[in-house]
Amino acid sequence: MKVTINNKKIEVDENAILEDVIKKHFKEKNIVAANVDDSLRDLSDSVTNNSIIEPITTDDKDGLDILRHTCAHIFGHAIKQIYPEVKMVIGPVIENGFYYDILSKNPITEKDLIIIENRMRKLAKKNYSIKREVVSKDKAISIFKDRKEPYKIELLKEINDKEIIAVYHHEEYVDMCRGPHLTNTKHLKAFKLMKTSGSYWKGNSENQALTRIYGTAWPDRDSQDAYLKSLDEAEKRDHRLLGKKLDLFHFQEESPGMVFWHDKGWTVFNLIKDFITRHLRKNSYKIINTPQILDKSLWKKSGHLDKFGDLIFDVGSEKKEFAIKPMSCPGHIQVFNQGLKSYKDLPLKYAEFGVVHRNEPSGTLHGLLRIRAFTQDDAHIFCTSDQIEHEISLLINDIKSIYERFGFNDLKIELSTRPEKRVGSEEIWDKAESSLKKALESNKIDFTVNPGDGAFYGPKIDFSLRDSLGRVWQLGTIQLDFSMPGRLDASYIDSDGNKEVPVMIHRAILGSLERFVGILIEHYSGNLPLWLSPVQVILLNITDTQSEYTSSLNEQLQGLGLRSECDLSNEKIGYKIRNHAMTRVPYMIIIGDKELQSKTVSVRDRAGNDLGTMNTEEFIELIKKEIY
RNA sequence: GCCACCUUAGCUCAGUUGGCCAGAGCAGGGGUUUUGUAAACCUCAGGUCGUCAGUUCGAAUCUGACAGGUGGCUCCA
C-alpha cells in the first residue's frame, strides 16, 4: 500500500493506522489528528491506499478545535462521575473553548464548577486512551438508551440513516460525535470551566430550559494565561466602570435601562451629535423632530403593533390609547404627507435624532450597549425606485468615512434578506434585494449575505465594526422599505401626472448614540481623542503665587472654544497630575514660577509624556492641529 | 422573560460556625503644609448591611418573596 507524505510516495503496511504512519514520519509531539485527502481523520483510523496524509497539531485551528471538543467530552466524563443523574445534551466548540448543555435537577453553581474542573484535571492526568467506535444508528440508540440519555437519542433520530455514526469511549463514559478527537487525554494541558448560563433545547425559549457550562481550553498554560489576561484587560475597559470613574453617566433602579447623563458624558454625546448634524447639513438632509407619543392606531396601521407590540410602552390619556414611539419612521411619513409632493422633490431626506423607547426584556439590558431609551441618528430617504441604487451608493461611502473619523477602519458589511415574519409581496422583496446587491457590487464592497435576517418591511445592509479588542459591533443600517409608505398613504405625482408610492430608505449611521458612546469608551479605554474629550486641557498651578496667571490662561483657552479647566487646589503637583491623568484629561499644563516669569506653559499628556515648556501660542497651535 | 450568581459608607472592598455600639482604604468636611511632574500629614463626619416578611432570646450572617444588577440564553424594528 502506498501513501503520499511531504510530496513523497511511501510504502506502508496493510492494516496500518494513521498514528503509526505519522509517528514514523513527523517529530512534532502535539499531533492530534490527520488530514487525509483534505478531510479530518482520527489518528486511530486505518490508512487508505494512495491517500495524501498530513498531520494536524494543536497549533492548527483544526487541531485546537479538536482539543477543545475532546475537552468537552472530558467535562462530560467528569460530571457524569460526580452527578450520574445529569442528562447530556450537546457540547460544541466555540470561540476560545467549548460549552456543554446539560439537564440537571439541581442547579450547577460555581462551587460545582471547581469540583468538576478538579475531576477533569484528574482524568486528563491519567493519560488514558480515547477509543473511537463506528456503530449503526440502532446500536447508537441502544447505547444511549442504556445510558439513559434521552437528548442523545433525540439527536440520533434526526441523523440520516446512511450517515456514519461514531461513539467515543472515555473509560466508562461514552459520547457521540462526528469527530475527530484526541486519541489520548495527555494533550489536555490547559483548560478551565468559566461560567454557567441558562439555555434552551434547540435554542427555542418555548422548549426545556437547560444549563450551559462554558469552558476554555488551550494547547499550553501560557496561551491560556494570555487569554485570561486579555479578558481582564477587556474588563478594565468596561464602559460601565469607566462611565462611573470618569463621571460620564449613571443608572439607577427607578429607571432601568435608561441613562442619567452627567455633564461630561452629555458633552461627549453632543459632540458626536454635532458632528453628525454637520454631515446632514452638507448632504441636503432636512432635520426634523416628531412627537414622542402617538396614537396607537398609527402603530396599528404601520404594522409595528402587530409585530413588536410587546416592546412598546403604553400611555393612556382620557379615553385614548397612546404608544411611546419605538421608531421614528411613521412620524417621518406624516411630515412627508403634508403638502402634495412631486417627483421633482425626490429624493427627499428627513433626519431626526429620534429618542425612541423600547421595553426590552429585563435580562437583555447591558449598560449603554442595550438600553430601553436611546437616541437614533435616524433618517428616511423618500425616493423613486430608479434612485435607489445611487442613494445607497452615497450612503455606503458616507458611513465608511464617518466611521473612519471616529477611529474605526475595520468594517464588516452584511446584506440581510427576507425573514419569515414579513409584510409585502414576493415581487417587491425580489426587487428590493436585487437593488441593494447591485449598489454593493457597483461600489466593489466585500459583503456577506445573511439569509432571513431582514426587517419585516424590507431587506437591509448592516455595518459592523471591529474595535481595538477585536470585538464586533453592529452600528449602521440601510433598510429598504417598499411597504410602509403605502400603508401610511405616502404618495407623489410622477412626470406623467400619476400618483405613485415612494420608496423609503431607513438609515442610521451610528445607530444608537448612547450605545456608540459606550463603544467609543471601550475602544479607547476612556482615552477619547482630543476632539471628543469632555475636558481637553487642565491647568495646574504649583502654588498660590501662580493662581491668577493660571486662571487668566484658562479664560484665554476657553475663549478660543477649547474645553479647559483649572485646578488651583492646595495640593502637591504630583497629586493633581495623578488625579487628572486618571480622569483621562488629554493635556495638563503645569504653571510654576518659571512659567509665570517667562510667560510659558509646561505641557504633559495623559500618558505621562513630558512635552516640555513652550509659549502659549505654540501650545494652542499644537492642540488645534490635533483636533482636526 | 428564562437559568445561575451578586447587592455592606459617595467609590472599592473586609466582616470568622448567627452574639456586645458594623470595619478599612480612597473620596468628602476642618486644620497643618505653599508644595516642580502619577497619592504630604493630623483630625472629623459617613451606613435601618437593596426592600419587605419569616425563623431565633438575638440576623449583615439562616429561609422566602420582590426590586435592581452581573454573566449567558431567547430577543434586538
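Residues numbered from 1 in each chain as written. Chains lettered and ligands numbered in written order. Predicted model: local features only at pLDDT ≥ 70, side-chain atom pairs only at ≥ 80, totals over all residues. Heavy atoms only, no water.

1. What to know about the sheet that holds strand β23 (residues 448-450)
Heads up, the condition is: In this scheme, strands are said to pair when DSSP sees at least two bridges between them. Under the DSSP-based scheme used, a helix requires at least four consecutive residues in state H or I and a strand at least two consecutive residues in state E, with every element numbered from the N terminus. Contacts between residues were defined by any pair of non-hydrogen atoms, one from each residue, lying within 4.5 Å. A fitted line through C-alpha atoms serves as each axis, taken over the contacting stretch for helices, and the angle formed by two N-to-C directions is quoted from 0 to 180°.
Here eight strands make up an open sheet; going across it, the order is β16-β20-β21-β28-β25-β24-β22-β23 and the pairing mixed. Unpaired on one side and paired on the other, β16 (286-287) and β23 mark the two borders of the sheet. As paired elements, strand β22 (residues 411-416) and β23 share three bridges and run parallel to each other. Looking at the pairing, leucine 415 lines up with valine 449 of β23. Taken strand by strand, helix α8 (residues 263-282) contacts β16, β20 (348-357), β21 (373-383) and β28 (503-512), and its axis lies near 160 degrees from that of β20. This element, helix α12 (residues 388-405), spans β20, β21, β22, β24 (460-466), β25 (472-481) and β28 of the sheet and lies at about 5 degrees to β28.

2. Quick notes on the protein's contact with RNA strand B
Heads up, the condition is: In this text, near means that some heavy atom of the residue lies within 4 Å of the molecule or strand in question. For the purposes of these results, a polar contact is taken to be a pair of N or O atoms within 3.5 Å, where, inside protein, one atom must be able to donate a hydrogen and its partner to accept one; residues adjacent in sequence count only when each atom of the pair is a side-chain atom. Amino acids are sorted into nonpolar (Ala, Val, Leu, Ile, Met, Phe, Trp, Tyr, Cys and Pro), charged (Asp, Glu, Lys and Arg) and polar (every other residue, Gly among them).
The immediate surroundings of RNA strand B are formed by 54 residues, with Ser197, Met327, Ser362, Asn570 and Ser602 found nearest. In RNA strand B, atoms within 4 Å of the protein come 48% from sugar and phosphate. At 2.9 Å, a side-chain N or O of glutamate 253 approaches a sugar or linking oxygen of RNA strand B. Measuring from a phosphate oxygen of RNA strand B, one finds a side-chain N or O atom of histidine 366 at 3.1 Å. Those elements giving two or more residues to the surface near RNA strand B turn out to be β12 (190-200), β13 (209-218), α7 (239-245), α17 (573-582), α18 (593-598) and β32 (600-605). Counting residues per element, the surface near RNA strand B draws most heavily on α17, which supplies seven residues. Partitioning the surface near RNA strand B into residue classes produces 19 nonpolar, 19 polar and 16 charged.

3. A word on a negative patch on the surface
Our working definition: Excluding any residue in a salt bridge, patches collect residues exceeding 30% relative accessible area, merging like charges within 9 Å and nonpolar Val, Leu, Ile, Met, Phe, Trp and Tyr side chains within 5 Å. Calculation of accessible area relied on Shrake-Rupley with a 1.4 Å probe; when residues are assessed, cover is drawn exclusively from the protein chains displayed. Here, a salt bridge means any side-chain nitrogen of Lys or Arg that lies within 4 Å of a carboxyl oxygen of Asp or Glu. For the purpose of charge, His is not counted, nor are the chain termini; Lys and Arg are scored as positive and Asp and Glu as negative. Lys charges are placed at NZ, Arg charges at CZ, Asp charges at CG and Glu charges at CD. Relative accessibility under 20% of the residue-type maximum defines a buried residue, over 50% an exposed one, and the middle range a partly exposed one, all with a 1.4 Å probe and only protein chains included.
Residues Glu11, Asp13, Glu14 and Asp20 make up a contiguous surface patch of negative charge. Here glutamate 11 is to be found in strand β2 (residues 8-11). On the accessibility criterion, glutamate 11 (52% relative accessible area) is exposed.

4. Topic: the sheet that holds strand β3 (residues 31-36)
One open sheet holds the five strands; their spatial order is β2-β1-β5-β3-β4, and the pairing between them is mixed. Bordering the open sheet on either side are β2 and β4 (39-41), each of which pairs with just one other strand. Taking the axes of each pair of neighbouring strands and ignoring which way they run, one obtains an average angle of 40 degrees across the sheet. Pairing analysis gives two bridges linking strand β1 (residues 2-5) to strand β5 (residues 51-57), with the strands arranged parallel. Residue pairing for β5: threonine 4 is matched across the bridge by isoleucine 52. Where helix α2 (residues 61-82) meets the sheet, it contacts β3, β4 and β5, and its direction lies at approximately 65 degrees from that of β5.

5. Details of the domain arrangement of chain A
For the record, the criterion: Each domain's limits were defined by an automated method or a database of domain assignments.
Domains assigned within chain A are domain 1 (2-57), domain 2 (62-235), domain 3 (245-523) and domain 4 (535-627). Taking the mean C-alpha position of each, domain 1 and domain 3 sit 54 Å from one another.

6. A look at the pattern of salt bridges
Tallying each qualifying case throughout the model produces 30 salt bridges. Residue arginine 132 pairs with aspartate 42 through a salt bridge whose shortest N-O separation is 3.3 Å. Taken together, the residues span a long stretch of sequence, with arginine 132 in strand β9 (residues 130-135) and aspartate 42 in the loop between β4 and β5 at a distance of 90 residues. Taking relative accessible area as the criterion, arginine 132 reaches 28% and is therefore assigned partly exposed. Residue lysine 320 is joined to aspartate 295 by a salt bridge in which the shortest nitrogen-to-oxygen separation is 3.6 Å. Linking lysine 320 in strand β19 (residues 320-324) with aspartate 295 in strand β17 (residues 293-295), this pair joins segments that are 25 residues apart in sequence. It is possible to trace a salt-bridge network through shared partners that takes in Arg418, Arg422, Glu426, Asp430 and Glu433.

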